[in-house]
Amino acid sequence: MEIIGFMRADGPSGFGFELTFRLKREVGETAPPTWPAELMQGLARYVFQSENTFCSGDHVSWHSPLDNSESRIQHMLLTEDPQMQPIQTPFGTVGFLQIVGVCTEELQAAQQWNGQGILELMRGVRVAGGPWLITDMRRGETIFDIDPLLQQERVDQGIETEGSNLSGVSAKCVWDDLSRPPEDEEDSRSICIGSQPRRLSDKDTEQIRETLRKGLEFNSKAALPPINSQKQSLERPQSRKDSLESESSAAIVPHELVRTRQLESVHLKFNQESGTLLPLCLRGRLLHGRHFTYKSINGDTAITFVSTGVEGAFATEEHPFAAHGPWLQILLTEEFVEQMLGDLQELNTREETKMPKEYSWPEKKLKISVLPDSVFDNPLQ
C-alpha cells in the first residue's frame with residue numbers, strides 16, 4: 001500500500017513509503033485474508049490526518065488483536081522490508097516498510113529500549129518471525145517467554161547503556177499552573193480539563209515534531225530544535241550545536257519569546273497508559289541526557305521533560321518550569337530524576353494499578369496525578 005501525498009522528482013514520492021506485511025498462512029487457508037489490507041488502510045488514514053510519517057523502528061500501539069481475534073499480537077513495529085529495496089519513480093523515491101505484529105511485552109520493550117533492537121531479537125527466534133519477520137497471529141509466547149535471558153542480557157543492558165530512542169508519545173495528559181488561582185483569567189496559564197485549550201502555534205507544532213523526529217536518530221546530540229519562522233527541512237544537516245543561539249536571530253519571532261513564562265509550581269495529569277511511561281521517560285531518556293515529550297490527543301497541550309544536557313530548552317535550572325503557550329517544559333536534574341524513579345517504582349509493574357495515584361514533591365513544587373481514562377474522555381463530568 002503506497003502512502004501518497006505531495007510529489008517531487010528529486011525527493012520522496014508522496015510520503016515516501018509503501019507498507020508491506022508478511023503473514024503466516026493458517027492451516028486450511030486457501031486465500032489471503034482481507035484484514036491486513038484494512039489494517040494498512042487504518043495506518044494510511046493516520047498518516048494523512050496527522051501528516052506524521054513512519055520510519056523504520058517506529059512502533060504502533062494498537063491495543064487490539066490485529067485480526068480482531070483473541071490473539072496476543074496486538075501491536076506493531078515497522079522496519080525496512082528485507083527483500084524490497086527503495087525504488088526511484090518519475091514522482092520521486094519510494095521505500096518499503098514492513099509491518100511486524102508483536103505482543104504487548106515486546107512493544108513495551110521496544111518503547112523502553114528501541115524498536116530495531118527488538119526486531120533484531122525477533123529475527124533470531126524462528127517462531128517469533130525469523131529472518132523475514134513473518135507475523136504469526138497464533139503465536140502464544142513472547143520472545144521473552146521463549147528465551148528469558150533476552151530481557152536481562154539484551155534489553156535491560158541495552159537500556160542501561162544506550163537508553164531509549166523513543167522521544168515522545170501521543171497521550172492523554174494535561175497540566176495546571178499552580179502558581180496562580182485557576183479563576184484568574186487575565187493570565188491564562190492554567191491548561192485545565194474541561195476548558196478550551198489554547199492552540200499551539202505552527203512554530204511550536206513544528207518544533208515539537210522536530211523534537212520527536214530527532215529522538216529517533218542514534219548518535220545525535222540532544223537538542224530541542226529552534227522555533228524558526230520557516231518550516232525546517234528534514235534534510236537539513238546537523239550542526240555541532242543545534243540550539244536557539246545557533247540560529248540567525250532573524251529566524252526568531254519576537255512575540256514568540258515574549259510568550260514564554262516561568263512558572264513556580266505545576267501539576268501534571270496523565271492517564272494510566274501515559275503514566276506507566278514515566279519511568280521510561282526518566283530512566284531511558286533523561287538519565288542519558290535527552291528529552292521526552294507527551295503530546296495530548298485531546299487538544300494542543302504538550303509536556304516536554306528535559307535534562308540539563310539538552311540545548312535549546314526554555315526551561316532552566318533556575319526556572320525549571322517554563323511554558324510557551326500550552327507547551328510546558330520541565331527541566332529535571334539527575335539527582336531529582338533518581339529520586340522520582342524511586343518514588344514512581346510501582347508504575348513499572350505491568351499489573352493494573354488502582355486509580356487515582358498521586359505523587360508530590362513539595363520541595364520541588366511538582367505534583368503528578370495518574371487518573372482513569374474517564375477523566376480525560378469525559379472532561380465535564
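Our structure is the block above this text.
Residues numbered from 1 in each chain as written. Predicted model: local features only at pLDDT ≥ 70, side-chain atom pairs only at ≥ 80, totals over all residues. Heavy atoms only, no water.

S.K.: What's the story with the packing of aromatic side chains in this structure? I'm lost.
M.R.: Any two aromatic rings considered together are summarised by their centre-to-centre distance and by the angle between their planes. Applying the stated rule across the entire model yields nine aromatic pairs. When the ring of Phe 21 is compared with that of Trp 35, the centres are 5.7 Å apart and the planes differ by 70°; the resulting orientation is edge-to-face. With Phe 21 in strand β1 (residues 12-21) and Trp 35 in helix α1 (residues 35-50), this pair connects stretches of sequence that are 14 residues apart. The two residues Phe 21 and Trp 35 agree in class, both being buried. Where Tyr 294 meets Phe 305, the ring centres are 6.3 Å apart and the plane angle is 75°; that geometry is what we call edge-to-face. With Tyr 294 in strand β10 (residues 291-296) and Phe 305 in strand β11 (residues 302-306), this residue pair connects regions lying 11 residues apart in the sequence. Residue Phe 305 is classed as buried on the basis of its relative accessible area, which comes to 1%. (Phe/Tyr/Trp six-rings, centres within 6.5 Å; stacked < 30°, edge-to-face > 60°. Helix = DSSP H or I, 4+ residues; strand = E, 2+ residues; numbered from the N terminus. Buried < 20%, exposed > 50% of the residue type's maximum accessible area, 1.4 Å probe, protein only.)

S.K.: Looking at this structure, I do not really get the pattern of salt bridges. What am I missing?
M.R.: Between side chains of opposite charge, pairing is possible as soon as their charged atoms come close. Tallied over the full model, the rule gives 14 salt bridges. The closest approach of N and O atoms between Asp 145 and Arg 72, which form a salt bridge, is 3.5 Å. A residue pair is termed long-range when its members are at least 10 positions apart, and Asp 145 in helix α4 (residues 143-146) and Arg 72 in the loop between β2 (59-60) and β3 (75-80) qualify at 73 residues. Residue class for Asp 145 comes out partly exposed when judged on its relative accessible area of 42%. The partly exposed category is assigned to Arg 72, whose relative accessible area is 30%. Measuring nitrogen to oxygen at the nearest pair gives 3.3 Å for the salt bridge that ties Lys 357 to Glu 346. Placement of the pair is Lys 357 in strand β14 (residues 357-361) and Glu 346 in the loop between α10 (334-343) and β14, with a sequence separation of 11 residues. On the basis of relative accessibility, which here comes to 32%, the residue Glu 346 falls in the partly exposed class. In this structure, a network of salt bridges that share partners links the residues Glu 26, Asp 67 and Arg 138. (Salt bridge = Lys/Arg side-chain N within 4 Å of Asp/Glu carboxyl O.)

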